[in-house]
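Take a look at the letters that make up each chain.
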Amino acid sequence: AEAAAVAAASQPKAAAGSAASAVVLPERLQRREAERQQGVERQRQKKEAQVVKEEQSEFFLAAFAREREAVEALLVAGTLEEAAARLQALQKLLTGSVRFLAPYEVRQGQETVARLQGDLAARRQQIQPKKKFAFRALKKEAAPGSALRPAEPTPPAPAAPGPGLAEGESGGPPPCGFSGAQDEELELGAAELLQQDVLLSELRGCRVRLRGNPNTLRVRDCRGCTVLCGPVSTSVLVDGCSDCLLALACQQLRTHRTRDCRVYVQVTSRAVIEACSGVSFAPYSWSYPGIERDFESSGLDRKSNNWNLVDDFDWLATDKPSPNWSLIPEQERITCWD
């Protein structure tokens, strides 16, 4: 009788245990099913995002190609002011599209814009020498025939760079800027810089202040220099520099073969570095009387600043930051430039 009573008492407990197992098993399956559904949804959203990105990229490439062809046609026709305006619009199109473009598409776009900027500068230089040559030709015609040979040395004189000027890449007249100086204070004002292509090259230990609105700026092979520049309408190229301090505002910043430099920058696209090391960035903070007027003439949006977004073309890993650049800690940033 006692054994029967014990068996009868254990039956409800066994039934309860089986019921609990029956409940646990479906809950586990439900969790797995929910996780599977979440995974499927994530994949679907990822595919949709990729499709949207590809569509945006295709639209950009078509629009960019049309604008590039229009700029090239205007350059051939010699309509330089309209070409400059279309080129600026092309740069803005690229700047506004970097968030969904692949890195190689951004790089190709930047190289195309830089090439067109060089072509525009070369066309401007082609037009300027013609006036000078015509003037010298009149002088030669007025001179006696015997004076033609002595007059030959005079044409190079206007084209040769005077103190502080640098040769341009295109072989035409030298652009605005400085070259070969050492331990000097160098300055240019708004009237000298307005929409000019500026070149700073082979400077050593100099402090350069460019108060105005250049069209482009190239800083090449400089050592231990401070370069403070007002808003640049298009691009800035820093190449082969070391131990420099730079304050730059521009649409596009490209830095090549540069080491141990601090860059205070306002840039509307993502900055690009290549073959660089020890480059650090902070937001642009230099100011001077008239800078707001220069920003207006440059077309730069003061509210758009990607100073901390840098693409390193030598660092392809996406899960680790590049060791070639860093951000300047806030407590170490320059606040007073005088």
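Please read these numbers as outputs of a predicted model, since none were measured by experiment.

We now examine the overall build of the protein chain. Along the protein chain, the regular secondary structure elements total six helices and 14 strands. Within the span of the protein chain, comprising 338 residues, buried residues form 39% of the whole. Considering only contacts within the protein chain whose residues lie at least 6 apart along the sequence, 38% involve residues at least 24 apart. When the accessible surface of the protein chain is split by element, carbon and sulfur atoms take 54% of a total near 19000 Å².

Below, the discussion takes up the packing of aromatic side chains. The tally for this structure, following the rule as stated, stands at five aromatic pairs. Both rings, one in Tyr284 and one in Phe295, keep their centres 6.4 Å apart while their planes meet at 75 degrees; by these two values the pair is edge-to-face. Of the two residues, Tyr284 is situated in the loop between strand S12 (279-283) and helix H6 (291-298) and Phe295 in helix H6; the sequence distance between them amounts to eleven residues. For the pair Tyr284 and Phe295, one class covers both residues: buried. Stacked on the ring of Phe295, the Lys or Arg Arg302 has its end atom at 3.9 Å from the ring centre.

With that out of the way, let us pick up the sheet that holds strand S10 (residues 262-267). The strand order across the open sheet built from seven strands is S2-S4-S6-S8-S10-S12-S14, with neighbouring strands paired in parallel fashion. Each edge of the open sheet carries a strand with a single partner, namely strand S2 (185-188) and strand S14 (325-327). With strand direction ignored, the average angle separating the axes of adjacent strands in the sheet is 20 degrees. Here three bridges tie S12 to S14, and the two strands are oriented parallel to one another. In the strand pairing of S14, Ser280 is matched with Ser326.

Criteria and cut-off values
- Note on numbering: residues in each chain are counted from 1, in written sequence order.
- With pLDDT at 70 or above as the cut-off, local features in this predicted model cover only qualifying residues; side-chain atom pairs require 80 or more to be listed or tallied, and sums for whole chains, interfaces and linings still use all residues.
- Hydrogens are left out, water is left out, and the side-chain values use all remaining heavy atoms of the structure.
- A run of DSSP states H or I qualifies as a helix once it reaches four residues; a run of E qualifies as a strand once it reaches two. Both are numbered from the N-terminal end.
- Residue burial is assigned from relative accessible area. The probe radius is 1.4 Å, only protein chains are included, and a residue is buried under 20% of its type maximum, exposed over 50%, and partly exposed in between.
- Any two residues whose heavy atoms approach within 4.5 Å are treated as being in contact.
- Methods summary: accessible areas were calculated by the Shrake-Rupley approach with a probe of 1.4 Å, and residue burial reflects only the protein chains presented.
- Note on aromatic pairs: the rings of Phe, Tyr and Trp (six-membered ring only in Trp) are paired at centre separations within 6.5 Å, and the planes decide the class, stacked below 30 degrees, edge-to-face beyond 60, tilted for the rest.
- A ring is scored as having a charge over it whenever the NZ atom of a lysine or the CZ atom of an arginine sits within 6 Å of its centre and within 35 degrees of its normal.
- The pairing criterion for strands is at least two bridges between them, as found by DSSP.
- The convention used is that axes are lines fitted to C-alpha atoms, helices contributing only their stretch in contact, and that angles between N-to-C directions extend from 0 to 180 degrees.

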